[in-house]
Amino acid sequence: MGLPLLLSLLLLPTCLQAGSSEECDLNPDYGIEQPIHLSAPMGGSVHINFSFYYCWELANDPRVSIALRWKHFHGETIYNSTQPFIHEKYKNRIFLNLPKGQKFGSLQISNLQKEDAHIYFCRVQVETLRDGTKVWQSLQGTRLTVTPAAKRTTEGPTTTAPTTTGLSVLEDPRSSASSPLSGGAAVGVALAGAVLIIAILGLILYLRWKRRKGDPSKTLRRNMRTLGLKDNKQSPSWSPSWSPRMKPRTTAASSMPPSLSPAPHHWQHLPASLLRRAPRRRPYILS
């Protein structure tokens, strides 16, 4: 009795596995979940998150493969991680993120274009232990809407646009750059500043020239006063006049007649200011 019981216990796991495989074939439980609708700006990036489940027992090397179709359920395959294959329109724009041994991941489409607005269907392929290769695909897919690029307003950090469940949309950093001043406006401002500076410098130079030049008549009068002239006419020279009252007394002892020499001739050419300062010579009497 001991040996048959031992054999039955050893065969029990095999029976259970066979039963579970038959139950999976009768009521298969597998599928893919992905968001129904996503929206992202032109030039940005979008992440189509997905997760899958199954009831089969996988082989030692399951060789999990992810593919992506577009437009409709039986549409053209634009990405396949097994081959690998990428559609010509999506070269260097589709990237797969699937951690090893996990049942979830994401497909990223970068540098979005207006023509990328379609429905995308994720498809999974695995190798099972007893049932061979199994392939299944999402029924509804994800509809992607590409919106116009955001206008360039103010400079700031990269922001994240509102997304639905399972979507991460990155805004293009170029959309947040500040708009520079137009070339015509910059040239106009520069010309206006140059004209204003030239006008101010011209006014300053004119005022300095006028101050230095002054009134010619005032300059002439000032020079005449320095030379002792008035109205460009020489002042009359002073010469002592002879008066009868100033006749000198004569005596017998004096043999020389009194005489008074006239004013030197060169006095006539001296300025009036110097003549006014010269002391008057009074006649003297010879005894």
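Above this text is the structure in question.
Residues numbered from 1 in each chain as written. Predicted model: local features only at pLDDT ≥ 70, side-chain atom pairs only at ≥ 80, totals over all residues. Heavy atoms only, no water.

> Would you explain the overall build of the chain in this entry?
When its secondary structure is counted, the chain shows four helices and 11 strands. The burial tally for the chain puts 24% of its 287 residues in the buried class. Looking at the chain alone, contacts between residues at least 24 apart form 63% of all its contacts between residues at least 6 apart. Just so you have it, the chain exposes about 21300 Å², and 58% of that area is on carbon and sulfur atoms. (Helix = DSSP H or I, 4+ residues; strand = E, 2+ residues; numbered from the N terminus. Buried < 20%, exposed > 50% of the residue type's maximum accessible area, 1.4 Å probe, protein only. Contact = heavy atoms within 4.5 Å. Areas by Shrake-Rupley, 256 points an atom, 1.4 Å probe, with all protein chains shown as cover.)

> What should I look at first to understand the packing of aromatic side chains in this one?
Aromatic ring pairs: the centre-centre distance and the angle between the two ring planes describe each pair. Per the stated rule, a full pass over the model turns up nine aromatic pairs. Ring centres of Trp70 and Tyr90 lie 5.6 Å apart, and the angle between their planes is 80°; this geometry places the pair in the edge-to-face category. Linking Trp70 in strand 4 (residues 65-70) with Tyr90 in the loop between strand 6 (85-86) and strand 7 (94-97), this pair joins segments that are 20 residues apart in sequence. One exposure class covers both Trp70 and Tyr90, and it is buried. For the ring pair Tyr206 and Trp209, a centre distance of 6.2 Å and an interplane angle of 35° mean the geometry is tilted. Taken together, the residues Tyr206 and Trp209, both in helix 2 (residues 183-213) and three residues apart, mark about one turn of the helix. In this structure Tyr206 comes out as partly exposed when scored by relative accessible area, which is 43%. (Phe/Tyr/Trp six-rings, centres within 6.5 Å; stacked < 30°, edge-to-face > 60°.)

> What's the story with the environment of Ala150 in this structure? I'm lost.
Its place among the elements puts Ala150 in the loop between strand 11 (142-147) and helix 2. Along the chain, Ala150 and Gly43 lie 107 residues apart, while their C-alpha atoms are 9.6 Å from each other.

> Before we go on, may I ask you to explain the layout of surface pockets in this structure?
Gaps left between atoms show up when a probe the size of a water molecule is rolled over them. In this structure, the second largest pocket spans a volume of roughly 160 Å³. For the second largest pocket, the full set of lining residues is Phe52, Tyr54, Leu58, Pro62, Val64, Leu98, Pro99, Lys100, Gly101, Gln102 and Lys103. Among the residues making up the lining of the second largest pocket, the classes are represented as seven nonpolar, two polar and two charged. (1 Å grid on protein atoms, 1.4 Å probe; cavity = no way out; pocket = protein on both sides within 12 Å on 5 of 7 lines; lining within 4 Å. Points joined across faces, edges and corners; volume = space filled by probe spheres on them. Nonpolar A, V, L, I, M, F, W, Y, C, P; charged D, E, K, R; others polar.)

> Would you explain the nonpolar core in this entry?
The nonpolar side chains of a soluble globular protein tend to be buried, and buried together. Grouped together as the largest cluster of nonpolar side chains are 27 residues, with contacts concentrated most on Phe52, Ile78, Leu107, Ile109, Tyr120 and Trp136. At the level of secondary structure, the elements contributing two or more residues to this core comprise strand 2 (37-41), strand 3 (46-53), strand 4, strand 5 (77-80), strand 8 (104-109), strand 9 (119-127) and strand 11. Residue contacts for Phe52: discarding those within four places in its chain leaves Gly31, Ile32, Val64, Ile66, Leu98, Gln102, Lys103, Phe104, Val124 and Trp136. (Core = buried A, V, L, I, M, F, W, Y, C linked by side-chain atoms within 4.5 Å.)

> Is there a simple way to think about the pattern of salt bridges in this case?
Proximity of charged atoms lets side chains of opposite charge pair with each other. Scanning the entire structure with this criterion turns up two salt bridges. Here Glu57 makes a salt bridge to Arg130, at a shortest N to O gap of 2.9 Å. Highlighted residues: Glu57 in the loop between strand 3 and strand 4 and Arg130 in the loop between strand 9 and strand 10 (133-137), separated in sequence by 73 residues. In this structure, Asp116 and Arg93 form a salt bridge, with 2.8 Å as the shortest nitrogen-oxygen distance. In this pair, Asp116 sits in the loop between strand 8 and strand 9 while Arg93 sits in the loop between strand 6 and strand 7, placing the two residues 23 residues apart along the sequence. For Asp116, a relative accessible area of 0% corresponds to the buried category. Residue Arg93 is classed as buried on the basis of its relative accessible area, which comes to 6%. (Salt bridge = Lys/Arg side-chain N within 4 Å of Asp/Glu carboxyl O.)

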